[in-house]
Amino acid sequence: MKLPTRILVATDFSPTSSVALAYAVELAIATKGQVTLMHAYELPIIGLPEGALLATAEVANRLITSSEQTLGMLADSHSKEGVRVKWVLRQGVPHEEVQKLADEIEAELVVVGTHARKGLQRFLLGSVAEKIIRTVERPILTIHGPRDDR
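Residues numbered from 1 in each chain as written. Predicted model: local features only at pLDDT ≥ 70, side-chain atom pairs only at ≥ 80, totals over all residues. Heavy atoms only, no water.

### A closer look at the nonpolar core
Core analysis: the biggest nonpolar cluster contains 19 residues, and Ile7, Val9, Leu21, Val35, Leu37, Val85 and Val111 have the highest contact counts within it. The element contributing the most residues to this core is helix α1 (residues 15-31), with five residues. Each residue touching Val9, except ones within four places of it in the same chain, is listed here: Ala20, Leu21, Ala24, Val35, Thr36, Leu37, Met38 and Val111. Among the nonpolar cores identified, the runner-up in size contains 14 residues, and Met38, Val110, Ala129 and Ile132 belong to it. (Core = buried A, V, L, I, M, F, W, Y, C linked by side-chain atoms within 4.5 Å. Buried < 20%, exposed > 50% of the residue type's maximum accessible area, 1.4 Å probe, protein only. Helix = DSSP H or I, 4+ residues; strand = E, 2+ residues; numbered from the N terminus. Contact = heavy atoms within 4.5 Å.)

Structural data, given as structure tokens:
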């Protein structure tokens, strides 16, 4: 079996995602691989009886700028020992964007952190990691973080 050298890491900028990124970088060092760090976002839309409330251009620009800065900072801080961490920002449904990018870069492994939510939190917030596991057609490694059910 060939070890993965093209690794995609999906992040939501949480501490658990940082642990997943660190793990992927260490794996890439061992396999002389490369890491692509990605974040996907959806612009907030709030449905009201009178219509929908959309994010303003200013809110969208702030979201994009902040995400780009954070991705760049994370990529720079984890680029080491010959592993360059590239980053990609996508607008769209996160698990769908992970699949698209995994196909584009021919990822051999997708690494994602999971918050291990359960109960009402999981019902209300959903689980992007679970959707990635169910839909992405690549090998997936989940990294568990601390439970969020306190």
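Back to the text.
### Quick notes on the side chain of Thr11
Positionally, Thr11 belongs in the loop between β1 (6-10) and α1. Residue classification places Thr11 among the buried positions, given a relative accessible area of 8%. Separated by 2.9 Å, the side chain of Thr11 and the backbone nitrogen of Phe13 make a polar contact. Apart from residues lying up to four places away in sequence, Thr11 is in contact with Ser17, Leu37, Met38, His39 and Leu71. (Polar contact = N/O pair within 3.5 Å; in protein donor to acceptor, adjacent residues only side chain to side chain.)

### With respect to the environment of Ala30
Within the fold, Ala30 resides in helix α1. The spacing of Ala30 and Leu3 is 27 residues in sequence and 9.4 Å in space, taken between C-alpha atoms.

Taken by themselves, the reported measurements are silent on function.
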